[in-house]
Amino acid sequence: MKIERATKKDFKALMDLMVLSYRTRNPTHPRFEELLPDLYQPTEESMQRHMIVREDGRISASVGIYPFEVRCANVQLKVAGVGGVCTSPEHQGKGLMTALIEAAREEIANQGYPVSWLTGDRDLYAPFGWEKAGSDLLVHGAELKPEDTPRGWAVKQLPSPDEALPAITEARNRMVACGICSDEVYKIKCRRLGMEVWEARQGSSFGYVVANRHRNWLVEWGGDVEGVRALIYRLMTGKGRWCVRLPPLHDDFVNMFLRVAGVIVPGVDNLAVCNLPELARACETFWASQWPRDKGLRLVSCTEDNLITEVCISGGGTVRNSLDRNDLLLRLDPLQMSLLLFGPIKPSIMLNLPAEHQWLDRVFPLPFYVPSLWRV
């Protein structure tokens, strides 16, 4: 079996394979270049993200690695998103997908990404190191009443983000959690299937919402909280239920969504820690105000037979190279490591820790969030 990179010439064949594969489970699944135009383009750069296997000269299986960057509180991470996992129906059961996912996991680790993220069945991806982890909230909203709409806001749909891009950019920079990309990439993301960009203005106040009408999701928001609330009522009144994925850290927006929510359920995705030292270094600023000054930790990721990686964290949450005999030692397999670092279970409960080690609940889970507009 030969694993290779797709090229620009493979664009149509790969898009045909992906939609064929996904339509075996969902006959109305849209084509991927229409669904996610920021990820699937007929360019060498876009196609090189895909690892493929050919059978009889035709692409028979593929997996994509889609880098993206997110910020939650003061933790900023480069993430290797994994998607486009597919095998042609006639080649299923031959181990092609297993080989591709193993190759993708190895490449992600070699490229130094602190963490990898994907959606899908936990049982399918856990053997490769991805665990259901994280602490998002999924809000399913009830129908809203017109008489509760905030008054005095001028609301309109924008043909594209361009018309309000400076105001949107300023609002995004103030969010407690958001995805990070260039303006050009952001504008393409807003052209995903079913996306609508809306703004609300009242004097100098500004709020915006990006909504996915195809799936009835609110995928991004920012600016003035009352302006966003006015947009929610304008968009959703009388049009059925809506959904929104909220970050684990509460701000005024999250509190507003929770007040108007219908049903709230936990949201978790498949996460894999790919470079533990890099992840710890990215989180030093987050730990600085929370990590006890007199507590050190040695984290060791390992299997029964092999050491994978380790990191030592001193009092105050600073990564260091040397060991200290007073460090708390935790040896965890990759799935346990993802749960420890990202939750949703508290470390004291997950590891059944004695009272003297329950300080770990102050520093874990780490804040991590994949906005809906960044999901692959």
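Our subject is the structure that appears above.
A brief structural summary. Sequence order as written defines the numbering, with residues in each chain counted from 1. This being a predicted model, a pLDDT of at least 70 is required before a residue's local features are given, and a value of 80 or more before pairs of side-chain atoms are given or counted; all residues contribute to the totals for chains, interfaces and linings. Note that the side-chain values use all heavy atoms of the structure and ignore hydrogens as well as water.

### Things to note about the overall build of the protein chain
Okay, so step 1: A run of H or I in DSSP becomes a helix once it reaches four residues, and a run of E becomes a strand once it reaches two; helices and strands are each numbered from the N terminus. The secondary structure content of the protein chain amounts to 14 helices and 17 strands.
Okay, so step 2: With C-alpha atoms as the basis for the radius of gyration, the globule rule is written as 2.2 Å multiplied by the number of residues raised to the power 0.38. The C-alpha radius of gyration of the protein chain comes to 22 Å, within 12% of the 21 Å expected for a compact globule of 376 residues.
Okay, so step 3: Relative accessibility under 20% of the residue-type maximum defines a buried residue, over 50% an exposed one, and the middle range a partly exposed one, all with a 1.4 Å probe and only protein chains included. Here the protein chain holds 376 residues, and 53% of them are scored as buried.
Okay, so step 4: Looking at the protein chain alone, contacts between residues at least 24 apart form 70% of all its contacts between residues at least 6 apart.
Okay, so step 5: Areas reported as accessible are Shrake-Rupley estimates using a 1.4 Å probe. Residue values count occlusion only from the protein chains shown. Taken as a whole, the protein chain presents about 17000 Å² of accessible surface, with 48% of it coming from carbon and sulfur.
Okay, so step 6: Charge assignment: positive for Lys and Arg, negative for Asp and Glu; neither His nor the chain ends contribute. By convention, the point assigned to a charge is CZ for Arg, NZ for Lys, CD for Glu and CG for Asp. Charged side chains in the protein chain number 45 positive and 46 negative. The centres of these two groups are separated by 3 Å. When checking whether two residues touch, look at their non-hydrogen atoms; a contact exists if any pair is within 4.5 Å.

### Considering the sheet that holds strand β15 (residues 307-313)
Okay, so step 1: With mixed pairing, the four strands of this open sheet are ordered in space as β16-β15-β14-β17. Since the sheet does not close on itself, it has two edges, and those belong to β16 (319-320) and β17 (328-332), each with one partner.
Okay, so step 2: A pair of strands is considered paired only if DSSP assigns at least 2 bridges between the two. As judged from the two bridges shared by β15 and β16, these two strands associate in the antiparallel manner. Bridging across to β16, I313 finds its partner in V319.
Okay, so step 3: To obtain an axis, a line is fitted to C-alpha atoms, over the contacting stretch when the element is a helix, and the angle between two such axes runs from 0 to 180 degrees between their N-to-C directions. With respect to the sheet, helix α12 (residues 334-342) is in contact with β14 (297-302), β15 and β17, its orientation differing from that of β14 by roughly 140°.

### Some remarks on the nonpolar core
Okay, so step 1: Throughout this description, the term nonpolar core refers to a set of buried Ala, Val, Leu, Ile, Met, Phe, Trp, Tyr and Cys residues connected via side-chain atoms within 4.5 Å. With 73 residues, the main nonpolar core has W287, L299, L341, F342, F364 and F368 as its most contacted residues.
Okay, so step 2: The leading source of residues in this core is helix α1 (residues 11-23), at six residues.
Okay, so step 3: Sequence-distant contacts of F364, that is, excluding residues within four places in its chain, are made with W287, W291, L297, L299, L340, L341 and P347.
Okay, so step 4: If you look at the next biggest cluster of nonpolar residues, it comprises 27 residues, including C72, A200, L218 and A230.

### Details of the pattern of salt bridges
Okay, so step 1: In the sections that follow, a salt bridge refers to a side-chain nitrogen of Lys or Arg positioned within 4 Å of a carboxyl oxygen of Asp or Glu. Under the definition given, this model contains 24 salt bridges.
Okay, so step 2: As a salt-bridge pair, E107 and R5 come within 1.9 Å of each other at their nearest N and O atoms. Pair noted here: E107 is in helix α4 (residues 96-110) and R5 is in strand β1 (residues 3-5), with a separation of 102 residues, a long-range link.
Okay, so step 3: The salt bridge involving R174 is made with E170; its shortest N-O contact spans 3.4 Å.

### Describing helix α6 (residues 165-173)
Okay, so step 1: Residues L165, I168, A171 and R172 constitute the buried set of α6. When α6 is viewed along its axis, its buried side chains cluster within an angular range of 125° and face the same direction. For α6, the exposed residues set more than 90 degrees away from the buried face come down to P166 and N173.
Okay, so step 2: Buried residues belonging to α6 abut β3 (58-72), β8 (177-180), α7 (183-189), β9 (195-202), β10 (205-212) and β11 (217-223). Of all possible arcs, the one meant is that of the directions from the helix axis to the C-beta atoms.

### A word on the environment of Q358
Okay, so step 1: Position of Q358 relative to the elements: it lies in the loop between α13 (347-350) and α14 (360-363).
Okay, so step 2: A C-alpha to C-alpha distance of 17 Å links Q358 and Q336, two positions 22 residues apart in sequence.
Okay, so step 3: Q358 has contacts with S348 and L353, leaving out every residue within four places of it along the chain.

### Observations concerning α4
Okay, so step 1: In a regular helix each residue adds 1.5 Å, so 15 residues correspond to 21 Å; α4 covers 21 Å between its end C-alpha atoms and thus fits that length.
Okay, so step 2: The set of residues buried in α4 consists of L96, M97, A99, L100, I101, A103, A104, R105 and I108.
Okay, so step 3: Immediately beyond the C-terminal end of α4, within one or two residues, lies G112, with a positive phi of roughly 85°. A helix is expected to reach a length of 1.5 Å times the quantity of its residues less one.

### Examining the pairing of β15
A regular strand carries its side chains on alternate faces of the sheet.
Okay, so step 1: Pairing geometry for β14 and β15, over six bridges, is antiparallel. Considered in β15, the bridge of R298 is made with C312.
Okay, so step 2: Linking two consecutive strands that pair antiparallel, namely β14 and β15, is a turn of four residues.
Okay, so step 3: Hairpin connection, β15 to β16: the antiparallel pair is bridged by five residues, and G316 has positive phi, about 90°.

### Structural notes on the packing of aromatic side chains
Okay, so step 1: By convention, a stacked pair of Phe, Tyr or Trp rings (six-membered ring in the case of Trp) has centres within 6.5 Å and planes under 30 degrees apart, an edge-to-face pair has planes over 60 apart, and any other such pair is tilted. Considering all chains together, one arrives at 14 aromatic pairs under this definition.
Okay, so step 2: Plain terms: the ring middles of F68 and W117 are 5.9 Å apart, the flat faces sit at 90° to each other, and that makes the pair edge-to-face. Here F68, found in strand β3, pairs with W117, found in strand β5 (residues 115-118); they are 49 residues apart in sequence, far enough to count as distant.
Okay, so step 3: Between the aromatic rings of Y186 and W374, the centroid separation amounts to 6.4 Å while the plane-to-plane angle is 35°, which identifies the pairing as tilted. With Y186 in helix α7 and W374 in the segment after α14, the pair connects residues that are 188 residues apart, well separated along the chain.
Okay, so step 4: A relative accessible area of 3% places Y186 in the buried class.
Okay, so step 5: What makes W374 buried here is its relative accessible area of 1%.
Okay, so step 6: Put simply, the rings of Y22, F32, Y40 and Y66 touch in pairs and so form one group of aromatic residues.
Okay, so step 7: For a Lys NZ or an Arg CZ to count as sitting over a ring, it must be within 6 Å of the ring centre and within 35 degrees of the ring normal. One residue, R105, lies across the ring of W130, its end atom 5.6 Å from the ring centre.
Okay, so step 8: The residue whose ring lies beneath K189 is W374, and the NZ or CZ to ring-centre distance is 4.9 Å.

### Observations concerning the environment of P354
Okay, so step 1: On the secondary structure map, P354 appears in the loop between α13 and α14.
Okay, so step 2: Residues P354 and P127, spaced 227 residues apart in sequence, show a C-alpha to C-alpha distance of 30 Å.

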